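# An overview of the molecular structure
Okay, here's what each chain looks like letter by letter:
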Amino acid sequence: MPRIRARTVIITGASAGVGRAIAKRFGEAGDRVGLIARDEDALRGVQRELQARFVHAEYEAVDVADAQALLDAAERLEERLGPVDIWINDAMETVFSTVADITPEEFRRVTEVTYLGFVHGTMAALRSMRRRGEGRIIQIGSALAYRGIPLQAAYCGAKHAIRGFTDSLRAELMHERSRISLSIVDLPAVNTPQFDWARAHLAHTPRPMGRPVEPEVIADAVYRVGDGGFREYWIGWPTLLTILGNAVAPALLHRYLAAKAIAGQQTDVPLVPDRTDNLDHPVTRLHRTRGSFSQGAAQQAILVPGDVARAATVAIGAAIFFALGATMTRRRWR
């Protein structure tokens, strides 16, 4: 249902996957949508889809790793759409590879897009929002920001870095008593085209580990976060269990991932040597919302504020220990 007041929402990584689904979700609600990604043809396709639904959508084809290009693009979008109300950083790249096999150049590229792209996007958002003293920035994070897994060291490192950067900025904004808010939304595995186009140094083609959720599920959750007030949100039971499990038993999780995560992120299909990837150049023909793993993908997922989940876990743990202590005391005095 359209909103009473349309907002200006800008999304990076908007040409495919989660970013594309988010753009459609906010557009369907009546918001004005700004699309940012590298591939102009893909962006034009998303714009046509939104315009067919009577959404005011504009795009800028820029690489988020290029700070000045992104800052300039944000200003042009603001001129056409109005002051930015919500900025969503979603652009990402990954390389499926052991650390021994990935090159320094590949590692740097993933970091520049997946981490510095968020930094640049946040800076662009602040330029617009600080003029009015209000706005909302949403960082699309991951359960892998808490628990690094094999074969994705560059991506996991970037997601960890986003958490540190966002926490620092949040404290600065609180010190200023700013009305600009920040939220991180941590995702589980999602059925996006990244598994079809990510560079890989593997024996077999990449796949999501475990059961992925569809991008539209994430988009709906992010839309709800747009009106939320918590600092962090976790989507899906795998995210919740990964984060809490890592806090309680990190060594056990290490052993589990060492045993399961290498094979768990590969299909049975051999990786062809000349596989086309999107690390340095976009792959226009693969720009779509869903990837190749829709069979069995989840159509819904819980959305839980991270602080609420932590507090509930502590409360449940305290109750269990209290009950055990009371039981032992009764037995002792019998």
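In what follows, the accompanying structure is described. (Residues numbered from 1 in each chain as written. Predicted model: local features only at pLDDT ≥ 70, side-chain atom pairs only at ≥ 80, totals over all residues. Heavy atoms only, no water.)

Across the sheet, which stays open at both edges, the eight strands sit in the order β3-β2-β1-β4-β6-β7-β10-β12 with mixed pairing between neighbours. Each end of this open sheet is capped by a strand with a single partner; those strands are β3 (57-61) and β12 (303-305). Neighbour to neighbour, the strand axes of the sheet diverge by 20° on average, direction disregarded. In the sheet, strand β6 (residues 134-142) pairs with strand β7 (residues 179-187) via nine bridges, with the strands oriented parallel. Among the inter-strand pairings, Ile137 is bridged to a residue of β7, identified as Leu182. The strands that helix α2 (residues 40-51) touches are β2 (32-37) and β3; relative to β3, the one it contacts most, it runs at about 175°. Strand contacts of helix α4 (residues 104-132): β4 (86-89), β6 and β7, with the helix running at about 165° to β6, the strand carrying the most contacts. (Pairing = 2+ DSSP bridges. Helix = DSSP H or I, 4+ residues; strand = E, 2+ residues; numbered from the N terminus. Axes fitted to C-alpha atoms, helices over the stretch in contact; angles between N-to-C directions. Contact = heavy atoms within 4.5 Å.)

Turning our eyes to something else, we now look at the packing of aromatic side chains. Geometry of an aromatic ring pair is reported as the spacing of the ring centres plus the angle between the planes. Tallied over the entire structure, the rule returns five aromatic pairs. Arranged with centres 5.1 Å apart and planes meeting at 65°, the rings of Phe26 and Tyr223 form a pair that is edge-to-face. Of this pair, Phe26 sits in helix α1 (residues 17-28) while Tyr223 sits in helix α7 (residues 215-225), and the two are 197 residues apart along the sequence. Neither residue differs from the other here; Phe26 and Tyr223 are each classed as buried. Ring centres 5.9 Å apart and planes at 40° place the aromatic pair Phe96 and Phe195 in the tilted group. Residue Phe96 is located in strand β5 (residues 95-96), and its partner Phe195 is located in helix α6 (residues 194-197); the two are separated by 99 residues in the primary sequence. Taking the relative accessible area as the measure of exposure, Phe195 reaches 5% and is therefore buried. Taken together, Phe96, Phe195 and Phe293 form an aromatic cluster joined through their ring pairs. (Phe/Tyr/Trp six-rings, centres within 6.5 Å; stacked < 30°, edge-to-face > 60°. Buried < 20%, exposed > 50% of the residue type's maximum accessible area, 1.4 Å probe, protein only.)

Note that every value here comes from positions in space, so none of it alone points to a role or purpose.
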